[in-house]
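Here are the chains, one letter per residue:
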Amino acid sequence: MNFQDEKDYLMRIIKEVISILISLTLGKKYTQVELPDENKYGLSDEDLSSLKAMIDRGEINEAENMLLSDGTAPIDRKSIAKLIFFYEYTNQKSDRFLQEHNYTREEVLEGLKLLAKNIGYKNITDFIDA
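Because the structure is a prediction, the values reported are computed rather than measured.

In this structure, Leu 21, Ile 84, Phe 86 and Leu 112 are the most contacted members of the largest nonpolar core, which totals 34 residues. Of all the secondary-structure elements, those providing two or more residues to this core are helix 1 (3-26), helix 2 (45-56), helix 3 (60-67), helix 4 (77-91), helix 5 (95-100) and helix 6 (105-118). Sequence-distant contacts of Leu 112, that is, excluding residues within four places in its chain, are made with Ile 14, Val 17, Ile 18, Leu 21 and Tyr 87.

Moving on, we come to the packing of aromatic side chains. Scanning the entire structure with this criterion turns up 3 aromatic pairs. Pairing Phe 85 with Tyr 89 gives two aromatic rings, centres 5.6 Å apart and planes at 10°, and the pair type is stacked. You can see Phe 85 and its partner Tyr 89 sitting in helix 4, 4 residues apart, about one turn around the helix. Tyr 89 shares its class with Phe 85; the two are buried. Each ring, one from Phe 86 and one from Tyr 87, has its centre 4.9 Å from the other, and the planes form 75°; the classification is edge-to-face. With a relative accessible area of 2%, Tyr 87 lands in the buried category. Joined through ring pairs, the aromatic side chains of Phe 86, Tyr 87 and Tyr 103 make up one cluster.

All right, on to the environment of Asp 76 then. The residue Asp 76 is located in the loop between helix 3 and helix 4 in this model. For Asp 76, a relative accessible area of 36% gives the class partly exposed. A C-alpha to C-alpha distance of 9.9 Å links Asp 76 and Thr 25, two positions 51 residues apart in sequence. There is a polar contact of 3.2 Å between the side chain of Asp 76 and the backbone nitrogen of Lys 78.

Cut-off values and rules
- Residues numbered from 1 in each chain as written.
- Predicted model: local features only at pLDDT ≥ 70, side-chain atom pairs only at ≥ 80, totals over all residues.
- Heavy atoms only, no water.
- Core = buried A, V, L, I, M, F, W, Y, C linked by side-chain atoms within 4.5 Å.
- Buried < 20%, exposed > 50% of the residue type's maximum accessible area, 1.4 Å probe, protein only.
- Helix = DSSP H or I, 4+ residues; strand = E, 2+ residues; numbered from the N terminus.
- Contact = heavy atoms within 4.5 Å.
- Phe/Tyr/Trp six-rings, centres within 6.5 Å; stacked < 30°, edge-to-face > 60°.
- Polar contact = N/O pair within 3.5 Å; in protein donor to acceptor, adjacent residues only side chain to side chain.

Structure (structure tokens):
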């Protein structure tokens with residue numbers, strides 16, 4: 001498997017995990033973030049804009065730390081939705097952008113796996129380690 005194949009595979013796995021988490025936790029059908037009129041997360045425009053802006057400025061680690069600030073599993077739907085959006089939007093960034101801002105696609109996947117585990121859906125990511 002060459003680097004490009006590995007990157008594409010990882011991106012597809014991330015999209016599948018996001019799709020499953022959106023369906024299970026938010027009761028929504030998965031469609032990509034690219035549709036600006038649709039807010040499948042149930043978040044305010046301000047929440048979405050703020051997160052997007054941080055990621056676009058390269059403040060990826062800071063945004064993730066802010067979302068995970070209390071160190072406990074997110075229990076409310078809004079916290080879960082913000083994390084799913086964060087990982088989905090971050091996954092859409094180029095490898096170069098992620099590298100320039102000290103973040104990796106592997107960190108996106110690890111964050112999603114941790115989120116799934118913390119909200120009781122660890123089994124949906126078990127196939128990844130197989």
